[in-house]
Amino acid sequence: VLCNRDEEKGEALALKLGAEFVQDPKEAAAQAQWIVLAVKPKDLQSVAKQMPLTEEHTLLSVLGGVSLETQMKAFPKSRVIRLMPNTAITTGKGIIGLSAQEDLSIEDKEKVTELFSEVGRLFWLSYSMMNAFAAFASSSPAFVFVIMEAMIESGIYLGFQAQEATVIVTGVFEGAAVLLFFF
């Protein structure tokens, strides 16, 4: 079950992921053992009050800037897993950092890996590495885009049409990424 206050966005994402969308947090908790929490960080406490979770629940949280400890306090009976994706998950080529409480079972980790492997590569990290991961991997597409934009502009300056320059630069980056794994 996917729970999100924004019904339109929630339904669209649930459809894409093959999940069921529920707008009411309490209803979500009643219907599922695995819950993806996708609300604004400022709404964590109010959602936690509306969504009573038990030890049977596993909460998959994409709340940025909210510590695992804070989320575990908000949902003290459930298992809590923090996810930090980058925007490339929308293409199936994302990078996702995950961190969980220490007593998360191997079976639960395997289930989460199965659920999210379709949208990118997963990296289970100690919680101490999550902020570094956010700075390093979650923001990286923006840094790459700055370089690509400069190269496209250079191509245009050299006489290529914008579309041609974009295709060339995209091809260069695709090829370079593949080459990186060969060397």
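1. Digging into the overall build of the protein
Thinking step 1. When its secondary structure is counted, the protein shows 8 helices and 7 strands.
Thinking step 2. When its C-alpha atoms are laid out on the principal axes, the protein stretches across 60 × 35 × 25 Å.
Thinking step 3. Within the protein, buried positions represent 37% of all 183 residues.
Thinking step 4. Long-range contacts, defined as pairs at least 24 residues apart, comprise 47% of the intrachain contacts of the protein with a sequence gap of at least 6.

2. Quick notes on the pattern of salt bridges
Thinking step 1. For the coordinates displayed, the defined rule picks out 3 salt bridges.
Thinking step 2. The shortest N-O distance in the salt bridge between lysine 73 and glutamate 69 comes to 3.6 Å. Taken together, the positions of lysine 73 and glutamate 69, both in helix H4 (residues 68-74) and 4 residues apart, correspond to about one turn of that helix.
Thinking step 3. By relative accessible area, lysine 73 is classed as exposed at 62%.
Thinking step 4. Aspartate 108 is the salt-bridge partner of arginine 79, the closest N and O atoms lying 2.9 Å from each other. Of this pair, arginine 79 sits in strand E5 (residues 79-85) while aspartate 108 sits in helix H5 (residues 106-116), and the two are 29 residues apart along the sequence.

3. Re the sheet that holds strand E6 (residues 94-100)
Within a sheet, adjacent strands bond to each other through the backbone by hydrogen bonds, running parallel or antiparallel.
Thinking step 1. In space, the 7 strands of this open sheet follow the order E2-E1-E3-E4-E5-E6-E7, with mixed pairing throughout. Strand pairing shows two members of the sheet lacking a second neighbour, strand E2 (21-22) and strand E7 (120-124), which therefore form its edges.
Thinking step 2. Sheet analysis places strand E4 (residues 58-61) next to E5, joined by 4 bridges and oriented parallel. Counted as the bridge partner of serine 61 is arginine 82 from E5.
Thinking step 3. Contacts between helix H6 (residues 130-138) and the sheet are confined to E5, E6 and E7, with E5 contributing the most and set at about 30° to the helix.

4. Observations concerning a negative patch on the surface
Thinking step 1. On the surface, a cluster of negative charge is contributed by Asp6, Glu7, Glu8 and Glu11.
Thinking step 2. Position of glutamate 7 among the secondary structure elements: in helix H1 (residues 7-17).

5. A closer look at the packing of H6 against helix H7 (residues 140-157)
Thinking step 1. Where H6 meets H7, the closest approach of the two axes is 5 Å, and the angle between their N-to-C directions is 25°. Classified by the angle their axes make, H6 and H7 are roughly parallel. In this structure, H6 uses Ala135, Phe136, Ala137 and Ser138 to contact H7, whose residues at the interface are Ser140, Pro141 and Phe143.
Thinking step 2. Looking at side-chain class alone, the contact of H6 with H7 contains 5 nonpolar, 2 polar and no charged residues.

6. What about the side chain of glutamine 71?
Thinking step 1. In this fold, glutamine 71 is placed in helix H4.
Thinking step 2. Since its relative accessible area comes to 0%, glutamine 71 is described here as buried.
Thinking step 3. Apart from the residues lying within four places of it in its own chain, the contact partners of glutamine 71 are Leu44, Ser61, Leu63, Val66, Val80 and Arg82.

7. Here's the deal with the layout of surface pockets
Thinking step 1. Estimates place the volume of the largest pocket at around 1,200 Å³.
Thinking step 2. Secondary structure elements with two or more residues in the lining of the largest pocket: E6, E7, H6, H7 and helix H8 (162-182).
Thinking step 3. Tallying contributions element by element places H8 first for the lining of the largest pocket, with 8 residues.
Thinking step 4. Residues belonging to the lining of the largest pocket are distributed by class as follows: 16 nonpolar, 8 polar and 3 charged.
Thinking step 5. Each pocket or cavity is described by its volume, and for the second largest pocket that value is around 370 Å³.

Procedures and definitions
- Residues numbered from 1 in each chain as written.
- Predicted model: local features only at pLDDT ≥ 70, side-chain atom pairs only at ≥ 80, totals over all residues.
- Heavy atoms only, no water.
- Helix = DSSP H or I, 4+ residues; strand = E, 2+ residues; numbered from the N terminus.
- Buried < 20%, exposed > 50% of the residue type's maximum accessible area, 1.4 Å probe, protein only.
- Contact = heavy atoms within 4.5 Å.
- Salt bridge = Lys/Arg side-chain N within 4 Å of Asp/Glu carboxyl O.
- Pairing = 2+ DSSP bridges.
- Axes fitted to C-alpha atoms, helices over the stretch in contact; angles between N-to-C directions.
- Patch = residues over 30% accessible without salt bridge, like charges linked within 9 Å, V, L, I, M, F, W, Y side chains within 5 Å.
- Areas by Shrake-Rupley, 256 points an atom, 1.4 Å probe, with all protein chains shown as cover.
- Lys, Arg positive; Asp, Glu negative; His and termini not counted.
- Charge placed at Lys NZ, Arg CZ, Asp CG, Glu CD.
- Parallel < 35°, antiparallel > 145°, perpendicular 65-115°, else oblique.
- Nonpolar A, V, L, I, M, F, W, Y, C, P; charged D, E, K, R; others polar.
- 1 Å grid on protein atoms, 1.4 Å probe; cavity = no way out; pocket = protein on both sides within 12 Å on 5 of 7 lines; lining within 4 Å.
- Points joined across faces, edges and corners; volume = space filled by probe spheres on them.

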